[in-house]
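# Reading the structure
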Amino acid sequence: MKKEPTKKDKKPGKRLGKRKTRGCPPIIIIAVIIAAGILGAGYAKVRADYKRISLDESVTFKIESGTGARKIADMLKENGIIKYPRAFLYYAKKEGYVNRFKAGSITINPGLSYTEIFDILIQDNRNLTKVTIPEGFEVRMIADRLEEAGVIDREKFMSLLKDASRYDYKFLRGRKDRDDSLEGYLFPDTYYIYPEDTEEDIIRMMLDEFDSRFPPEYYEKAEKLNMSVDDIVTLASIIERETDVPEERKKVAGVFYNRLKKNMKLQSCATVQYILKERKPNLSVEDTKINSPYNTYVNSGLPAGPIACPGTECMEAALNPENTDALYFVQGPDGKHIFSKTYEDHLKAKGDR
């Protein structure tokens, strides 16, 4: 018969009976469960967005050439189309789309999945018409180009332009009353136009682009210069037509500001060319005497309104004129302008051409 072990027989360091195990503290278990729940809920939200985007109405935006997949994902988020740009990139890579996205204007409709958006992004956009409007084009020239592209009825387009009251934009408020077909405000850029886009759709597209290119700080700078938005666009349009040399634009602006301060006539050939609807290289004396609110040889100050649609660089020049003492400029034989402080020096510069 086995003898029951006594206290003496027990070896130190060993215990009789069941070994007790240490479990994880309850708080850690709870934390793990919560974290797993959060991750699961997050994944569920991403998958829901992947399967069907939450969008109330169609959104159209343009992707410029050379735009990368990451930027496109950010653009989709900014336009309220997707919620998770990182997840969008992950699935684009996983499904083999990421390096196949094409430039152009796209429309995303409500209820699409990520995969359906990928399919839209890789299309060649052959149903779109690409139209480029150069800086310095007048509205009549813009209308000609759009008509040539087959995307407008010219007469209807021009008619819609004349009714500025139908377009509610901050930059058009306080605009001088004139029948100029929104000259100056159809922003020059490359546009991708759908077959179903109407004349008004195209006008609003161009006005939207102007709005995006005329940020709040431009309004503030114009106010500091004691100029209205219309004044800035008008001056920018003259600068656009007076020089093709980028580094001269702010100096040309400085000359015009100097003349305005001295109440001198601007005497811009570009304003007379606008009246003539012809870009004559040399004006006659009779041309400079035409009775028109756009003739800066006859009238002091700025003309009645813009004479073309200027680009960003010329608007920035009008807002940031160079500090110069020049009052005159004339184009030299190399295409660059010669600036002069006095009329005598100006005459010499003209004689040296």
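Nothing here was measured: the structure is a model prediction, and the numbers come from that model.

Let's shift gears to the confidence of the model for the chain. Scored by pLDDT, the chain comes out at a mean of 86, with 86% of its residues at no less than 70. Residue range residues 7-21 is modelled with pLDDT below 50. Its contacts to residues more than four positions away, or to other chains, number one contact. Between residues 34-38, whose pLDDT stays under 50, and residues either more than four places distant or in other chains, the model counts zero contacts.

Moving on, we get to the packing of aromatic side chains. Counting across every chain of the model gives 21 aromatic pairs. Their ring planes at 55° and their centres at 5.2 Å tell us that Tyr185 and Phe210 sit as a pair that is tilted. Taken together, the residues span a long stretch of sequence, with Tyr185 in the loop between helix 6 (154-162) and strand 4 (190-193) and Phe210 in helix 7 (residues 199-213) at a distance of 25 residues. Of the residues examined, Phe210 reaches a relative accessible area of 0% and is grouped as buried. Taken together, the ring pairs connect Tyr50, Phe88, Tyr90, Tyr91, Tyr97, Phe101, Tyr114 and Phe118 into an aromatic cluster. The ring of Tyr191 carries the charged tip of Lys62 above its face, separated from the ring centre by 5.4 Å.

This part covers the environment of Thr60. Relative to the helices and strands, Thr60 is located in strand 1 (residues 59-63). Classification of Thr60 as partly exposed rests on a relative accessible area of 46%. Sequence separation between Thr60 and Thr107 is 47 residues, and the spatial gap between their C-alpha atoms is 4.2 Å.

This paragraph deals with the nonpolar core. Within the largest apolar cluster, 61 residues are counted, with the highest numbers of intra-cluster contacts made by Leu146, Phe157, Phe171, Leu186, Leu207 and Ile239. The leading source of residues in this core is helix 9 (residues 229-242), at seven residues. Once residues lying within four places of it in the same chain are set aside, the contact partners of Phe157 are Ala143, Leu146, Ile152, Leu186, Glu199, Ile202 and Ile203. One finds Ile106, Leu112, Phe118 and Ile122 within the second-largest nonpolar core, a separate group that totals 34 residues.

By the bridge criterion, four bridges tie strand 5 (residues 328-331) to strand 6 (residues 337-340) in an arrangement that is antiparallel. Bridging across to strand 6, Gln331 finds its partner in His337. Connecting strand 5 to the next strand, strand 6, in antiparallel fashion are five residues, including Gly335 with a positive phi near 90°.

Our next topic: the pattern of salt bridges. Overall, the coordinates contain twelve salt bridges when judged by the stated rule. Where Arg279 meets Glu138, a salt bridge forms, and the shortest distance between an N and an O atom there is 3.4 Å. A residue pair is termed long-range when its members are at least 10 positions apart, and Arg279 in the loop between helix 11 (269-276) and helix 12 (312-319) and Glu138 in the loop between strand 3 (129-132) and helix 5 (139-148) qualify at 141 residues. One connected set of salt bridges, linked through shared partners, spans Lys62, Glu64, Asp189, Glu209 and Arg213.

Next up on the list: unusual backbone geometry. One non-glycine residue, Asn226, lies in the positive phi region at around 60°. In this structure, Asn226 sits in the loop between helix 8 (216-224) and helix 9. Residues other than glycine seldom take positive phi values, yet Lys277 does so here, at roughly 60°. Secondary-structure assignment places Lys277 in the loop between helix 11 and helix 12. Assessed through its relative accessible area of 49%, Lys277 is described here as partly exposed.

What follows deals with the layout of surface pockets. Size it by volume and the second largest pocket reaches roughly 550 Å³. Counting only elements with at least two residues in the lining of the second largest pocket, the list comes to strand 1, strand 2 (104-108), strand 4 and helix 7. The biggest single contributor to the lining of the second largest pocket is helix 7, with six residues.

Attention now moves to a negative patch on the surface. A grouping of Glu147, Glu148, Asp153 and Glu155 is seen on the molecular surface, where their side chains present a negatively charged patch. Position of Glu147 relative to the elements: it lies in helix 5.

Packing of helix 6 against helix 7 brings their axes to within 9 Å, and their N-to-C directions diverge by 50°. Compared by their axis directions, helix 6 and helix 7 come out oblique. In this structure, helix 6 meets helix 7 at a crossing whose hand is right-handed. The segment helix 6 lies against helix 7, with Lys156, Phe157, Leu160 and Leu161 engaging Glu199, Glu200, Ile202 and Ile203.

Relative orientation of the contacting elements helix 8 and helix 12 amounts to 35°, with a least axis distance of 10 Å. Seen from helix 8, the contacting residues are Tyr218, Lys221 and Ala222; seen from helix 12, they are Thr312, Glu316 and Leu319.

So, on to the side chain of Asp189. Inspection of the secondary structure puts Asp189 in the loop between helix 6 and strand 4. By relative accessible area, Asp189 is classed as buried at 14%. Apart from the residues lying within four places of it in its own chain, the contact partners of Asp189 are Lys62, Val131, Thr132, Ile133, Glu209 and Arg213.

Rules and cut-offs
Residues numbered from 1 in each chain as written. Predicted model: local features only at pLDDT ≥ 70, side-chain atom pairs only at ≥ 80, totals over all residues. Heavy atoms only, no water. pLDDT = per-residue confidence, 0-100. Contact = heavy atoms within 4.5 Å. Phe/Tyr/Trp six-rings, centres within 6.5 Å; stacked < 30°, edge-to-face > 60°. Helix = DSSP H or I, 4+ residues; strand = E, 2+ residues; numbered from the N terminus. Buried < 20%, exposed > 50% of the residue type's maximum accessible area, 1.4 Å probe, protein only. Lys NZ or Arg CZ within 6 Å of the ring centre and 35° of its normal. Core = buried A, V, L, I, M, F, W, Y, C linked by side-chain atoms within 4.5 Å. Pairing = 2+ DSSP bridges. Salt bridge = Lys/Arg side-chain N within 4 Å of Asp/Glu carboxyl O. 1 Å grid on protein atoms, 1.4 Å probe; cavity = no way out; pocket = protein on both sides within 12 Å on 5 of 7 lines; lining within 4 Å. Points joined across faces, edges and corners; volume = space filled by probe spheres on them. Patch = residues over 30% accessible without salt bridge, like charges linked within 9 Å, V, L, I, M, F, W, Y side chains within 5 Å. Areas by Shrake-Rupley, 256 points an atom, 1.4 Å probe, with all protein chains shown as cover. Lys, Arg positive; Asp, Glu negative; His and termini not counted. Charge placed at Lys NZ, Arg CZ, Asp CG, Glu CD. Axes fitted to C-alpha atoms, helices over the stretch in contact; angles between N-to-C directions. Parallel < 35°, antiparallel > 145°, perpendicular 65-115°, else oblique. Left-handed = near helix turned anticlockwise from the far one by under 90°.

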